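# Working through the structure, step by step
The lines below spell out each chain.
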Amino acid sequence: MINKDRLARLFIDLVRIDSVSREEGRLCRHLQGLLGPFGCRQEVDSAGSATGGDCGNLIVKIPGVDSLPPILFSAHMDTVEPGRSVEPRLSNGIFSSTGDTILGADDKSAIAILLEVLYVLKENEIPHPPLELLFTVCEEVGLLGAKNLDYTKLESKMGYALDTRNPDAIVTRAPAANKLNFIVLGREAHAGSSPEKGINAISVASKAVARLPVGRLDEMTTCNLGLIHGGTATNVVPNRVLIEGEVRSHDPEQLEEVTRRLADTFTETVDAYRGLEEDDLPRAEIDIQHDFDRLFIPDDHLLVKSARSAARNLGRDLQVTRSGGGSDANIFTAHGIQVAVLGTGMENVHSVRETVSLADMVKASELVLEIIRHWGKGGL
Ligand SMILES: [Zn+2]
């Protein structure tokens, strides 16, 4: 039933429309045009003003069997850079870019799949529950579209986001995350004529950084220090360093414990270098922000059972897996909408080597269609 050629054309048209984060407007209007003939309600929310972008989240409601509860499907419209003037190539059934941009299969393969499924539902008059389609903005820059979505506009209590790799897997777990900014304040001085008047913030920060664990701390938890900024010139003793890091954990208690431990270790180490001068330097300042909650859907949840039985109907097996990264699904869950993540076949995302196989996109489309049929038959 899935029309492979139409799916390929949909995808090619989508990736040719630039939509790096905060510039999703053109892509959104293209989608609205395609969705027009489906007799659906469409609305763009006001998330664009919160994100500083040219567009908000696109919410689409497709009427279905009224007695059934609505179900949500989501994908994000934005891409990372280099994502401008993408020229897709299809060779041996694999889409790629020309090698100097990303492809944008993350997440336009998902958008193409959802559109293709809508065409098939309509052509074949397949009974389905009311569908809510959500196309978010700014996923790639901190899940900002999902964070600023007006949740009163959605009625679904559960759904699926299409935004991972393996079309034979369903992701039901993803870690929660905290962002940490570690700042060391030292004292500025001329490095040649009066170094003894200075306190070198870079040097002190290096001692504190050396005591922080990074990498995979255990099966549940990871930690990274990813950015460092500081200093003004080689002849100036630097008075400020900022180190940006993150902690992620599938276990919310461990997330808080590790975050606290990192902050305490950092502060204690910096404090140990403090002299007796009045200005209380060097000093650590630590800013902790909760980035997103974890995603946790039990294996016996309806979302998982429906997807697995849909896969079985197609003669396939669907693996239940967990992811190390957060996605819009983490945010939806925190707002009371349980959302599991399905794969589209995208590979090597966020790189100029990004690809997606058309056969995998067909597989993903078949699964989404079968899930919707299953729900349409009252498989709830
Ligand atoms: Zn993505």
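Chains are numbered independently. Their residues run from 1 in the order of the written sequence. This being a predicted model, a pLDDT of at least 70 is required before a residue's local features are given, and a value of 80 or more before pairs of side-chain atoms are given or counted; all residues contribute to the totals for chains, interfaces and linings.

### Considerations on the overall build of the chain
Counting secondary structure elements, the chain contains 10 helices and 19 strands. Judged by the C-alpha coordinates and their principal axes, the chain covers about 80 × 45 × 40 Å. Counting other C-beta atoms within 10 Å of a residue's C-beta gives its exposure: the residue is buried at 20 or more, exposed at 12 or fewer, and partly exposed in between, where C-beta atoms are placed from the backbone. Within the span of the chain, comprising 380 residues, buried residues form 45% of the whole. Starting at the N terminus, helices and strands are each numbered in turn, a helix being any DSSP run of H or I of at least four residues and a strand any DSSP run of E of at least two.

### Here we look at the domain arrangement of the chain
An automatic or database domain assignment supplies the start and end points of every domain. When its domains are assigned, the chain resolves into domain 1 (4-174 + 294-376) and domain 2 (177-292). Relative placement of domain 1 and domain 2: their C-alpha centres are 38 Å apart. Opposite the 8 residues of domain 1 that make contact, domain 2 presents 5 residues. We call Asp, Glu, Lys and Arg charged. Ala, Val, Leu, Ile, Met, Phe, Trp, Tyr, Cys and Pro are nonpolar, and the rest, Gly among them, are polar. Along the lines of polarity and charge, the residues of the side of domain 1 that touches domain 2 split into 2 nonpolar, 3 polar and 3 charged. The contact criterion used is a C-beta to C-beta distance within 7 Å, with each C-beta placed from the backbone.

### What to know about the packing of helix H4 (residues 105-123) against helix H10 (residues 358-376)
Fitted lines through C-alpha atoms serve as axes, helices being fitted only where they are in contact, and the angles separating the N-to-C directions of these axes extend from 0 to 180 degrees. Between H4 and H10, the shortest axis-to-axis distance is 9 Å and the interhelical angle comes to 50°. On the basis of the axis angle, H4 is oblique to H10. Two packed elements cross with a definite hand, and for H4 against H10 that hand is right-handed. Between H4, through Ser109, Ala112, Ile113, Glu116, Val117, Val120 and Leu121, and H10, the contact on the second element is made entirely by Met361, Ala364, Ser365, Val368, Leu369 and Ile372. Considering only residue class, the contact of H4 with H10 consists of 10 nonpolar, 2 polar and 1 charged. Roughly parallel means an angle under 35 degrees; roughly antiparallel means over 145; roughly perpendicular covers 65 to 115; every other angle is labelled oblique. Left-handed describes a crossing in which the near helix is turned anticlockwise from the far one by less than a right angle; the clockwise case is right-handed.

### Observations concerning the sheet that holds strand S12 (residues 221-230)
An order of S11-S12-S14-S9-S15 is seen for the 5 strands of this open sheet, with the pairing classed as antiparallel. The open sheet terminates on both sides in strands that have one partner only, identified here as strand S11 (215-216) and strand S15 (283-292). As paired elements, strand S9 (residues 176-185) and strand S14 (residues 240-249) share 10 bridges and run antiparallel to each other. In the strand pairing of S14, Asn181 is matched with Glu244. A pair of strands is considered paired only if DSSP assigns at least 2 bridges between the two.

### With respect to the sheet that holds strand S5 (residues 94-96)
Spatially, 3 strands are ordered S4-S5-S19 in an open sheet, and the strand pairing comes out antiparallel. The sheet is open, and its two borders are formed by strand S4 (89-91) and strand S19 (355-357), each paired with just one other strand. On average, each strand axis in the sheet is inclined to that of its neighbour by 25°, with strand direction left out of account. Bridge analysis of S4 against S5 gives 3 bridges, and the strand direction is antiparallel. The partner of Ser91 across the bridge, within S5, is Ile94.

### Some details on helix H6 (residues 201-210)
Considered for burial, the residues of H6 that qualify are Ala201, Val204, Ala205 and Ala208. End-on view of H6: buried residues confined to an arc of 100°, all on one side of the axis. Contacts made by the buried residues of H6 are with S9, S12, S14 and helix H7 (252-271). Working definition: the arc comes from the directions between the helix axis and the C-beta atoms, pointing outward to the latter.

### A look at the nonpolar core
Nonpolar side chains in soluble globular proteins tend to end up buried together. The nonpolar core criterion groups buried Ala, Val, Leu, Ile, Met, Phe, Trp, Tyr and Cys residues into a set whenever they are joined through C-beta atoms within 7 Å. Among the nonpolar cores identified, the biggest contains 100 residues, and Leu114 and Leu162 are the most heavily contacted of them. When residues of this core are assigned to their parent elements, the largest contribution, 11 residues, is made by H4. In this structure, Leu114 is in contact with Phe73, Ala75, Leu133 and Leu162, ignoring residues within four places of it in sequence.

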